[in-house]
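The chain contents come next:
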Amino acid sequence: MAVLRRGRGILEIAGIEIGHAGHVDAEAGALTGTTMFVVPVGTVGGVDVRGGGPASHETELMAPGTLQSGPDAIVLSGGSAYGLVTASGVQAALAVAGRGFPAPGLPGVTVPLVPAASIFDLGRGGAPCLPPTLETGGAAFAARTAGPEAVVRGSVGGGLGAWTGRGLLRGGLGSAVIDTDTGHRVAAIVVANPMGTVISAAGRLHAAEVLAGYGIELPADATPELAERFAAVAAAAEQAAGGAGGDAAADRAGPGSAPGDAPGAGAPGAGSLNTTIAAVVTDAQLDAAQVHRLAQSAHAGLARAIHPSHTLFDGDTVFALATGATAVGSAGTPAGDAQAGAGHAQAGAGHAQASTTADPMVLAQLSIAAADALSAAIVDAVISAADYADGPPTPASPPPLQAVCPQLAAAWNAVD
């Protein structure tokens, strides 16, 4: 039977390194950051974008049928479209390290490939607004590690400025991992910043049934504080209804660009636009089409954990990556180890060959694991969000779930 754990998330996949950098500055209006992770050479990538207002970079590179040499790193950032510049900071650092696609006819020159996605967190630290920069990406790369000190959850990196429910509760960075009964591992990392909520007014997680399927029973925690949060957001929404609106393109227009203030907004437009961005990583040996299917399947997990999801005000984006360390065998039998290619071309060929013999039932189990791991990671992100170190940056900054539903938080933190 498959086993779901909080664990160390994507760091339980061999060869992954993760780094974070952030800005917390009340005077500059900064509460934002960047998370990046480096993947092994030869990793095959895919992506599926379903939100109505995405901010993304190099996603076309990961589509099936392209001349794919594989990504070198993935960036999950704050800052809306401004935050995408952090991918260039990571790319520059990777080039210095010699990673990337060898430029034809240019000895020693490489082109690192760094797909990225950003959440809308502008104004979450107040006004004015300071988004992540090129240097933020470089700092996140410099801080990368796979060691025990690595952080995979909480109010850090790309999750620093995350909210949920348009100001209901604080969001954050979360992780989860599933070991399948076919000998594969699927891990998820997410920056949860959705328009929707992860919890009902009755204190029950939307993903409760998913977790129960793995023997994780969490209590409903209908506290008076949670009821007050729902009431406050509803009242603010009613008050703002006359001016609310906007379109997905406002995500790219900059601070204060939304036509109306959203409930709980710390600055004009601070809660109006949202986005959940994530990556699922497996050690299975998959080709580009199969990895793309993994990204598509993971969105089901997002929809089970967040209600509503994939709205016009979200830019929901899920990357999927397969390192190829473990062959895809038949369902019910342990998968044999496979040697991942040492170079981009070798790995690509190995993945293509594996696709001709992959058991469809094993592929289905990987897809199920991708969805469920992402559901769990979203729960982890919201429950792991911390209180503000120096107090709320704005009067309307939402509290973390652990302060509102302590019984639920304690039960989740006991998992593993």
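Right above here is the structure, for reference.
Since we're looking at a predicted model, the values are computed, not measured.

Undergrad: I'd love a proper account of the overall build of the protein, names of residues and values included.
TA: Within the protein, the regular secondary structure consists of nine helices and 15 strands. Taking all 416 residues of the protein together, 57% fall into the buried category. Considering only intrachain contacts with a sequence separation of at least 6, the fraction spanning at least 24 residues in the protein is 79%. Within the structure as shown, the protein displays about 14800 Å² of accessible surface, and the carbon and sulfur contribution to it stands at 58%.

Undergrad: Help me get a handle on the packing of helix α1 (residues 86-96) against helix α2 (residues 134-142), residues and values and all.
TA: Closest axis-to-axis distance for the α1/α2 pair is 6 Å, and the angle between their directions is 50°. Overall, the two elements α1 and α2 adopt an arrangement that is oblique. As for the relative orientation of α1 and α2, their crossing is right-handed in sense. Contact residues: α1 offers Thr86, Ser88, Gly89, Val90, Ala93 and Leu94, while α2 offers Leu134, Thr136, Gly137, Gly138 and Phe141.

Undergrad: Give a detailed account of empty space enclosed by the protein, specifying residues and quantitative values.
TA: Summed over all chains, the structure comprises one cavity of 30 Å³ or more. When its volume is computed, the largest cavity comes out at roughly 30 Å³. Lining of the largest cavity is provided by Gly29, Leu31, Thr32, Asp121, Leu122, Gly123, Arg124, Gly125, Cys129, Leu130 and Pro131. Split into classes, the residues belonging to the lining of the largest cavity amount to five nonpolar, four polar and two charged.

Conventions we followed
Residues numbered from 1 in each chain as written. Predicted model: local features only at pLDDT ≥ 70, side-chain atom pairs only at ≥ 80, totals over all residues. Heavy atoms only, no water. Helix = DSSP H or I, 4+ residues; strand = E, 2+ residues; numbered from the N terminus. Buried < 20%, exposed > 50% of the residue type's maximum accessible area, 1.4 Å probe, protein only. Contact = heavy atoms within 4.5 Å. Areas by Shrake-Rupley, 256 points an atom, 1.4 Å probe, with all protein chains shown as cover. Axes fitted to C-alpha atoms, helices over the stretch in contact; angles between N-to-C directions. Parallel < 35°, antiparallel > 145°, perpendicular 65-115°, else oblique. Left-handed = near helix turned anticlockwise from the far one by under 90°. 1 Å grid on protein atoms, 1.4 Å probe; cavity = no way out; pocket = protein on both sides within 12 Å on 5 of 7 lines; lining within 4 Å. Points joined across faces, edges and corners; volume = space filled by probe spheres on them. Nonpolar A, V, L, I, M, F, W, Y, C, P; charged D, E, K, R; others polar.

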